[in-house]
Amino acid sequence: MGQIKLSARQLAIIEFVKVNEPATGDQIARSLELTRATIRADLSILTMTGILDARPKVGYFYSGLDLNPTIYEDIRHLKVAEIMTIPVFVTKETSIHDAIVTLFLEDTGSLYVIEASELIGIVSRKDLLKGALADTDKKATPIATIMTRMPNILTVTKTDSALYAAQQLVIHQIDSLPVMEGKKAIGKVSKTRLTQLFVDTFKNE
């Protein structure tokens, strides 16, 4: 296997960090004459693949591209189908109160709202927090009033790459992506699952 194929911008980020480590995200962005938001996904991919090491309140360090080329290539080819987990489903009639209880009992970051087995919406922790703070009857108000509805939901398919899914989660700052097969959600890819994947991959390296 060859080494992971990086974009020109990602290579430029690596070169800057090599010379200026520890480099902050703002410093890297300024060096490329870009905004921090523009390079957020690049930094996420470079840290998730182990090329850069991110230390909170310190900055980014270069970990080394040649430590184990095959493992980078394996991750680059990893598909959503191999890492997706099962969502927690609810109906649009579920009350805000019951949704909050379900969220904590199932220890999940979002609830997938279905109707006749088709995905029609998603309720996140942020949605439920807003709903809980609103001046409404939590046991009577359905989550249909606060959910994000299709087609305004980012999705992936099981043949998409895990790195693409990670990129979308970072760019759009969301908890999870539904894995779709037609109009049905057959799984999800969450930040928690991706973090665990990369921790498990590199902990013995």
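Note that the coordinates shown come from a computational prediction; the quantities given were computed from them, not determined experimentally.

Our next topic: the overall build of the protein chain. Scanning the protein chain from N- to C-terminus turns up eight helices and eight strands. Relative to its full complement of 205 residues, the protein chain shows a buried share of 41%. In the protein chain, the share of contacts with a sequence separation of at least 24, taken over all contacts with a separation of at least 6, comes to 60%. Total accessible area computed for the protein chain in this model is approximately 11,200 Å², and 53% of it derives from carbon and sulfur atoms.

For the rest of this paragraph, the subject is the packing of aromatic side chains. As enumerated under the stated definition, the model contains zero aromatic pairs in all. Across from the ring centre of Y62, 4.8 Å away, lies the NZ or CZ of K18, which sits over that ring. Lying over the aromatic face of F61, R55 brings its terminal NZ or CZ to 3.9 Å of the ring centre.

Attention now goes to the pairing of strand 5 (residues 118-124). Burial analysis of strand 5 places six of its seven residues in the buried class, which makes it a mostly covered element. Pairing between strand 4 (residues 110-115) and strand 5: six bridges, direction antiparallel. In the strand pairing of strand 5, Y112 is matched with I122. Here strand 5 pairs with strand 6 (residues 148-149) via two bridges, running antiparallel. Within strand 6, the position partnered with I122 by the bridge is T148.

Looking at the element boundaries, A144 is found in the loop between helix 6 (125-133) and strand 6. Separated by 21 residues in sequence, A144 and V123 place their C-alpha atoms 8.8 Å apart. Ignoring any residue separated from it by four or fewer positions in sequence, one finds A144 in contact with K92 and R149.

Strand order in the open sheet formed by four strands is 3-4-5-6, and the pairing between neighbours is mixed. Two strands in the sheet have a free side with no partner beyond their single neighbour: strand 3 (89-91) and strand 6. On top of the sheet, helix 6 reaches strand 5 and strand 6; it is set at about 65 degrees to strand 5, its chief contact.

Once that is clear, we can look at the nonpolar core. Counting residues in each nonpolar core, the largest one holds 14 residues, and the members touching the most others are V80, I83, V156, A165, V189 and L194. Those elements that place two or more of their residues in this core are helix 7 (162-172), strand 7 (176-181) and helix 8 (191-202). With four residues, the top contributor of residues to this core is helix 7. Excluding residues that lie within four positions of it along the chain, I83 makes contacts with L78, A162, V189, R193, L194 and L197.

Take the side chain of Q10 next. Along the chain, the position of Q10 falls in helix 1 (residues 8-20). Residues within four places of Q10 in sequence aside, it is in contact with D42, I45 and L46.

Another point: the pattern of salt bridges. Opposite charge on two side chains permits them to pair, given that their charged atoms come into close proximity. Evaluation of the coordinates by the stated rule reveals six salt bridges. Put simply, D53 and R55 hold a salt bridge, and the shortest N to O gap is 3.0 Å. Owing to a relative accessible area of 29%, D53 belongs among the partly exposed residues under this scheme. With relative accessibility at 42%, the residue R55 sits in the partly exposed group. In this structure, E181 engages K158 in a salt bridge whose closest nitrogen and oxygen atoms are separated by 3.2 Å. One end of the pair, E181, is in strand 7; the other, K158, is in the loop between strand 6 and helix 7, with 23 residues separating them in the sequence.

Because an α-helix packs 3.6 residues into every turn, residues spaced three or four apart end up facing the same way. Look at helix 1: 18 Å from first C-alpha to last across 13 residues, which is about the 18 Å you get at 1.5 Å a residue. Along helix 1, the residues classified as buried are Q10, I13, I14 and V17. Seen end-on, helix 1 carries its buried residues on one side only, within an arc spanning 100 degrees. Every exposed residue of helix 1 that faces more than 90 degrees away from the buried side is listed here: A8 and V19. Summarising the contacts, the buried residues of helix 1 are in contact with helix 2 (25-31), helix 3 (36-48), strand 1 (52-55) and strand 2 (59-62).

Definitions and limits used
Residues numbered from 1 in each chain as written. Predicted model: local features only at pLDDT ≥ 70, side-chain atom pairs only at ≥ 80, totals over all residues. Heavy atoms only, no water. Helix = DSSP H or I, 4+ residues; strand = E, 2+ residues; numbered from the N terminus. Buried < 20%, exposed > 50% of the residue type's maximum accessible area, 1.4 Å probe, protein only. Contact = heavy atoms within 4.5 Å. Areas by Shrake-Rupley, 256 points an atom, 1.4 Å probe, with all protein chains shown as cover. Phe/Tyr/Trp six-rings, centres within 6.5 Å; stacked < 30°, edge-to-face > 60°. Lys NZ or Arg CZ within 6 Å of the ring centre and 35° of its normal. Pairing = 2+ DSSP bridges. Axes fitted to C-alpha atoms, helices over the stretch in contact; angles between N-to-C directions. Core = buried A, V, L, I, M, F, W, Y, C linked by side-chain atoms within 4.5 Å. Salt bridge = Lys/Arg side-chain N within 4 Å of Asp/Glu carboxyl O. Expected span 1.5 Å × (residues − 1). Arc of directions from axis to C-beta.

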